[in-house]
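Observations on the three-dimensional arrangement
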Amino acid sequence: MGDMKVFVVSLKRSVDRRERIQKQLDDAGIEFEFIDAIDASIPNFTHSERRNDPLTKKRFGYTLLDSEIACFASHYTAWEICKKLNQTILILEDNIDIIPELSIYLTSLQDNCKKYRFIKLFAYFPKAYKTIEKLNSNISIIRYLRRTCGTQGYCITPETAHKFISNANQFIEPVDDYMEKPYLHSVTAYCMSPDLVSRAKIASTIGSKRKDKTGVTLLDKCYIESFRLYEQIKDYMIKAPY
């Protein structure tokens, strides 16, 4: 078994961010490759046709920004690479800080990802959780009981990449929400605890005006709430492997 491949999703024009993450990974002795993120500023960017604004609006009360669609497309591209390589890979974003010891966990991540299929390195909004496996006295694999958001770092297998791709013919919700909805693709999200990476205090390339629910009526709100409950029930019915 060779070393696990590490990829960093990053806009080609984000030179400062690329230099920043490269220095961190170089200092940690981690070899990696950049994946050029899909650029929302380019008209008709790759996979932009997969958006479905009316359905997103109906289910959630907002529409996705071009940058959110491009973010989804960027991770979709990473999944395609994983599937093509037919090996477990680690996907990072360029807006993170890594722990200095990250390199010593890569082999363990690779081994455990074959078992758990999808392991996040960071939970943006940590919730209550269940400890699944204690790897040593310092770190465990856990499963949060609710979605925690964020795609700053995660490990996936080719099988998981295939499932994510096969069920993403349309980009209905933000990619981090999609990845943590097992009823859509039968993939359960696990997470390392404590986090191995964190969200850096730098500006987002997606933008801050997300999930604008202007113009949502009372009837719309009733449908949105009923769909939220439907999703909770569907996810609850999916039995996690561990």
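Residues numbered from 1 in each chain as written. Predicted model: local features only at pLDDT ≥ 70, side-chain atom pairs only at ≥ 80, totals over all residues. Heavy atoms only, no water.

1. Section: the overall build of the protein
Check the secondary structure of the protein and you find eight helices and ten strands. Taking 18 Å as the expected radius of gyration for a compact globule of 242 residues, we find that the protein reaches 18 Å, a close match to that expectation. Dimensions of the protein along its principal axes, counting C-alpha atoms only, are 55 × 40 × 35 Å. Within the span of the protein, comprising 242 residues, buried residues form 50% of the whole. Sequence-distant contacts in the protein: of pairs separated by 6 or more residues, those separated by 24 or more amount to 79%. (Helix = DSSP H or I, 4+ residues; strand = E, 2+ residues; numbered from the N terminus. Rg over C-alpha atoms; globule rule 2.2 N^0.38 Å. Buried < 20%, exposed > 50% of the residue type's maximum accessible area, 1.4 Å probe, protein only. Contact = heavy atoms within 4.5 Å.)

2. Describing the layout of surface pockets
Quantified by volume, the largest pocket comes out at close to 1,100 Å³. Forming the boundary of the largest pocket are 33 residues, of which Leu145, Arg146, Arg147, Glu180 and Asp235 lie nearest the centre. Of all elements in the fold, only helix 2 (53-60), strand 7 (140-144), strand 9 (190-193) and helix 8 (218-237) reach the threshold of two or more residues within the lining of the largest pocket. No other element matches helix 8, which puts seven residues into the lining of the largest pocket. When the residues that make up the lining of the largest pocket are grouped by side-chain class, the tally is 15 nonpolar, three polar and 15 charged. (1 Å grid on protein atoms, 1.4 Å probe; cavity = no way out; pocket = protein on both sides within 12 Å on 5 of 7 lines; lining within 4 Å. Points joined across faces, edges and corners; volume = space filled by probe spheres on them. Nonpolar A, V, L, I, M, F, W, Y, C, P; charged D, E, K, R; others polar.)

3. Overview of empty space enclosed by the protein
In the structure shown here, the tally under the stated rule is one cavity of 30 Å³ or more. Within this model, the largest cavity holds a volume of roughly 30 Å³. What lines the largest cavity is simply Phe118, Lys120, Gly150, Thr151, Tyr154, Asp176, Met179 and Glu180. Taken together, the elements giving at least two residues each to the lining of the largest cavity come down to strand 5 (118-120) and helix 6 (175-179).

4. Quick notes on unusual backbone geometry
Residues serine 193 and proline 194 are joined by a peptide bond in cis, for which omega reads 0°. We note that arginine 117 has phi near 75°; this positive angle belongs to a residue other than glycine. Locating arginine 117 in the fold gives a position in the loop between helix 4 (106-116) and strand 5. Residue classification places arginine 117 among the buried residues on the basis of a relative accessible area of 15%.

5. Here we look at the packing of helix 3 (residues 66-85) against helix 5 (residues 158-166)
Two quantities define a packed helix pair, namely the angle between the axes and the distance from one axis to the other. Orientation of helix 3 relative to helix 5, taken along the N-to-C sense of each, is 135°, at an axis distance of 8 Å. On the basis of the axis angle, helix 3 is oblique to helix 5. Once helix 3 is placed against helix 5, the crossing between them reads as left-handed. Where helix 3 approaches helix 5, its residues Tyr76, Trp79, Glu80, Cys82 and Lys83 are matched on the opposing element by Pro158, Ala161, His162, Phe164 and Ile165. Partitioning the contact of helix 3 with helix 5 into residue classes produces seven nonpolar, one polar and two charged. (Axes fitted to C-alpha atoms, helices over the stretch in contact; angles between N-to-C directions. Parallel < 35°, antiparallel > 145°, perpendicular 65-115°, else oblique. Left-handed = near helix turned anticlockwise from the far one by under 90°.)

So yeah, pure geometry; function would need other evidence.
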